[in-house]
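Below are the chains, spelled out letter by letter.
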Amino acid sequence: MADIEEDIRSLQLESADIAEDSNGVVSPDDGKTEVEESANTQQEVEEHINADEDPKQEVQEQSIKTEIKDKEIPPVQDEEDEEDILSKKRHLNVVFIGHVDAGKSTTGGQILYLSGQVDERTIQKYEKEAKDKSRESWYMAYIMDTNEEERAKGKTVEVGRAHFETETSRFTILDAPGHKSYVPNMISGASQADIGVLVISARKGEFETGYEKGGQTREHVQLAKTLGVSKLLVVVNKMDDPTVQWAKTRYDEIESKMIPFLKQSGYNVKKDVLFLPISGLIGANLKTRMDKSICPWWDGPCLFEALDSIEVPLRDPNGPFRMPILDKFKDMGTVVMGKVESGSIREGDSLLIMPNRDQVKVVAIYIDETRVKRAGPGENLRVRVSGVEEEDISAGFVLSSTANPIPAVTEFVAQLQILELLDNAIFTAGYKAILHVHSVVEECEVIELISQIDPKTRKPMKKKVLFVKNGAGVVCRIQVNNSICIEKFSDFPQLGRFTLRTEGKTVAVGRINSF
Ligand code: GTP
Ligand code: MG
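This one's a predicted model, so the numbers in the text were calculated from it and none came from an experiment.

Peer 1: Go over unusual backbone geometry with me, naming the residues and quoting the values.
Peer 2: The residue after methionine 354, namely proline 355, is reached through a cis peptide bond having omega 10 degrees. Summarising the element assignment, proline 355 is placed in the loop between strand 12 (350-354) and strand 13 (358-367). Unlike most non-glycine residues, glutamine 245 shows phi in positive territory, near 50 degrees. Assignment of secondary structure puts glutamine 245 in the loop between strand 7 (231-237) and helix 10 (248-264). Note on glutamine 245: relative accessible area 58%, which makes it exposed. One non-glycine residue, asparagine 285, lies in the positive phi region at around 65 degrees. Of note, asparagine 285 is situated in the loop between strand 8 (273-277) and helix 12 (303-309).

Structure below.
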């Protein structure tokens with residue numbers, strides 16, 4: 001019980017809207033809301049019960065494949081480069097999130113430029129290409145947005161991946177798309193990240209649209225928290241814009257509106273969140289501290305300093321090995337890509353690819369371009385293995401310790417927080433959605449509601465429950481058709497938290513209790 005309680009406390013997913021309607025729990029006894037009488041008539045409740053016949057509830061995301069594009073890693077080369085980069089600097093995955101056009105790719109591109117990853121000639125080439133497409137101001141974003149569709153439309157589609165280093169750390173940037181159609185890709189990026197940079201546009205009207213109900217500033221923050229992004233740097237971007245002109249009043253307005261929302265989403269604003277003003281486009285307050293002639297009132301750190309000083313919990317390199325597979329390809333054997341969530345890997349190790357239990361041997365391990373003999377948790381790797389064909393592996397499989405393999409299940413019990421159901425539908429047995437858990441994307445069905453969570457005490461209630469509505473917390477049993485590899489949240493938080501989505505919207509977030 002204490003576990004569940006703690007789980008819920010740290011879930012803390014009620015948005016402002018949910019908080020207003022956090023009592024949408026319906027008991028089967030009287031057909032009315034349990035705690036607070038809402039305006040629901042019996043008829044409305046029955047309509048809700050029938051909602052699972054609603055064709056809108058049909059799952060439409062089945063074909064979505066989450067994608068990550070790799071910006072600069074050349075194909076795997078088999079050079080014996082025995083530099084042990086592990087011991088020198090810590091490594092962090094940083095996901096860039098925020099509403100469409102907030103400036104994520106521009107800021108990411110500028111960071112790469114300032115840290116010497118992109119040369120002047122390439123920038124000039126991008127300037128020309130952007131101009132030819134009548135997208136002059138987009139040239140910095142072209143560093144991250146590498147495919148034709150992204151450049152033509154000025155929108156990131158796949159999560160961009162790139163690397164840079166500061167004095168103390170190595171960073172992998174994961175540049176998520178902001179557009180609402182590509183939230184599944186954002187989920188995949190955020191689920192690999194340790195920390196997040198939430199990019200907010202200060203331009204007149206743009207902050208407002210992103211922050212509105214339905215805007216991706218909100219959705220991304222809630223998803224990031226659920227997906228394990230424990231720290232956020234909130235960069236108030238486009239401060240150079242003519243509608244802003246580095247006005248402190250605008251910065252303060254955005255900060256004061258964001259703070260309550262971040263708190264409601266479960267972030268401890270004092271400990272886990274830092275705000276700073278920047279301009280991604282002109283590169284202000286990124287690598288070096290703010291030039292006082294541009295912005296006299298900012299005395300705080302620049303983004304690189306903030307990234308350097310962020311502390312993340314130490315991971316256990318001795319835990320059982322777990323690396324969810326994001327992608328795979330053929331290159332002198334089979335190569336799998338993913339982030340190590342637990343344990344360590346060494347060349348020559350014998351491992352299992354779950355859920356198929358294929359026995360493999362580790363032939364080579366690569367971090368970025370560098371071949372290494374071993375790697376620990378948090379690293380993004382490409383691992384060449386022998387003993388399995390590339391065709392026999394799918395994204396969502398997990399490279400796993402042989403002695404202690406990850407469980408493969410078709411059913412599990414989870415605690416869910418319902419965010420926003422489509423058209424205020426109800427959540428009941430038979431509800432179908434797309435489950436996103438680490439790199440798994442799979443259709444699922446809720447087969448039993450076990451108990452509802454009392455919004456006041458945050459404990460499971462005794463009464464049996466038939467359905468719940470927006471904002472409710474519920475413990476339920478969920479089924480999938482194909483075996484998936486998951487863990488209990490209490491054992492491996494990163495492999496035990498998930499989101500449910502239907503029709504392109506995130507409807508619930510949750511944690512796996514048992515199976
Ligand atoms: P999606 O990937 O589609 O979600 O967008 P994004 O957040 O990556 O935004 P992107 O970097 O593509 O920038 C969108 C537009 O905002 C471009 O026209 C950029 O030039 C502009 N922009 C980005 N950062 C700044 C900035 O600091 N100042 C100004 N004035 N414009 C900026
Ligand atoms: Mg982008």
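Back to the write-up after that little detour.
Peer 1: Pulling in residues and values, what's your account of the packing of helix 7 (residues 183-190) against helix 9 (residues 216-226)?
Peer 2: Where helix 7 meets helix 9, the axes come as close as 10 Å, and the angle between the chain directions of the two elements is 35 degrees. Relative to helix 9, helix 7 is oriented so that their crossing is right-handed. Judged by residue contacts, Val183, Met186 and Ile187 of helix 7 engage Glu219, His220 and Leu223 from helix 9. Looking at side-chain class alone, the contact of helix 7 with helix 9 contains four nonpolar, one polar and one charged residues.

Peer 1: Describe the side chain of serine 400, listing the residues and the values that go with them.
Peer 2: Relative to the helices and strands, serine 400 resides in strand 17 (residues 398-401). Beyond its immediate chain neighbours, meaning those up to four positions away, serine 400 contacts Phe321, Arg322, Leu351, Leu352, Met354, Pro405 and Ile406.

Peer 1: An account of the coordination of the magnesium ion (ligand 2) is requested, with residue identities and associated values reported.
Peer 2: Coordination of the magnesium ion (ligand 2) by the protein comes from Ser105 (OG) and Thr156 (OG1), over a distance range of 2.0 Å. One end of the pair, serine 105, is in helix 4 (residues 104-114); the other, threonine 156, is in the loop between helix 6 (148-153) and strand 4 (159-165), and 51 residues separate them in sequence.

Peer 1: Provide a residue-level description of helix 4, including the pertinent values.
Peer 2: Burial analysis of helix 4 places nine of its 11 residues in the buried class, which makes it a mostly covered element. Every buried residue of helix 4 is listed here: Lys104, Ser105, Thr106, Thr107, Gly108, Gly109, Gln110, Ile111 and Leu112. The elements touched by buried residues of helix 4 are strand 3 (90-97), strand 4, strand 5 (169-175), strand 6 (195-201), strand 7 and helix 12. One or two residues past the end of helix 4 sits glycine 116, with phi positive at roughly 80 degrees.

Peer 1: Outline the pattern of salt bridges, supporting the account with residue identities and numerical values.
Peer 2: This model, assessed by the stated rule, comprises 30 salt bridges. Notably, a salt bridge pairs glutamate 165 with lysine 89, separated by 2.9 Å at the nearest N-O pair. Separated by 76 residues along the polypeptide, glutamate 165 in strand 4 and lysine 89 in the loop between strand 2 (68-70) and strand 3 bring together distant segments of the chain. Under the relative-accessibility criterion, glutamate 165 is labelled partly exposed at 45%. Of the charged contacts, one joins glutamate 448 and lysine 464 as a salt bridge, the two residues approaching to 3.8 Å between their closest N and O atoms. Pair noted here: glutamate 448 is in strand 21 (residues 440-453) and lysine 464 is in the loop between strand 21 and strand 22 (467-468), with a separation of 16 residues, a long-range link. The exposure class of lysine 464 is partly exposed, given its relative accessible area of 45%. When salt bridges with common partners are traced through the structure, they connect Glu129, Lys133, Glu148 and Arg151 into a single cluster.

Criteria and cut-off values
- Residues take numbers from 1 onward in each chain, read along the sequence in its written order.
- Numbering of ligands from 1 and lettering of chains from A proceed in the order in which they are written.
- Local features in this predicted model are restricted to residues of pLDDT 70 or higher, and side-chain atom pairs are both shown and tallied only at a pLDDT of 80 or more, whereas totals for entire chains, interfaces and linings draw on every residue.
- Values shown for side chains rest on all heavy atoms present in the structure; no hydrogens or waters enter the calculation.
- Secondary structure elements are defined from DSSP: runs of H or I of at least 4 residues count as helices, runs of E of at least 2 residues count as strands, and each element is numbered from the N terminus.
- Exposed residues in this analysis have more than 50% of their type's maximum accessible area, buried residues have under 20%, and partly exposed residues fall in between, with area computed by a 1.4 Å probe over protein chains only.
- In this description, a line fitted to the C-alpha atoms serves as the axis of each element, helices being fitted only across the stretch in contact, and the angle between N-to-C directions of two axes falls anywhere from 0 to 180 degrees.
- By definition, turning the near helix anticlockwise from the far helix through less than a right angle yields a left-handed crossing, and turning it clockwise yields a right-handed one.
- Working rule for contacts: check all heavy atoms of both residues, and any pair within 4.5 Å makes them a contact.
- Under the grouping applied here, Gly and all other residues not named as nonpolar or charged are polar, the nonpolar ones being Ala, Val, Leu, Ile, Met, Phe, Trp, Tyr, Cys and Pro and the charged ones Asp, Glu, Lys and Arg.
- Here a donor is an N, O or S atom found within 2.8 Å of the metal, or within 3.2 Å if the metal is Na, K or Ca; sites may look incomplete because water is not among the atoms.
- By convention in these notes, a salt bridge is any Lys or Arg side-chain nitrogen within 4 Å of a carboxyl oxygen on Asp or Glu.

Fair warning: the whole summary comes from geometry, so function is off the table for now.
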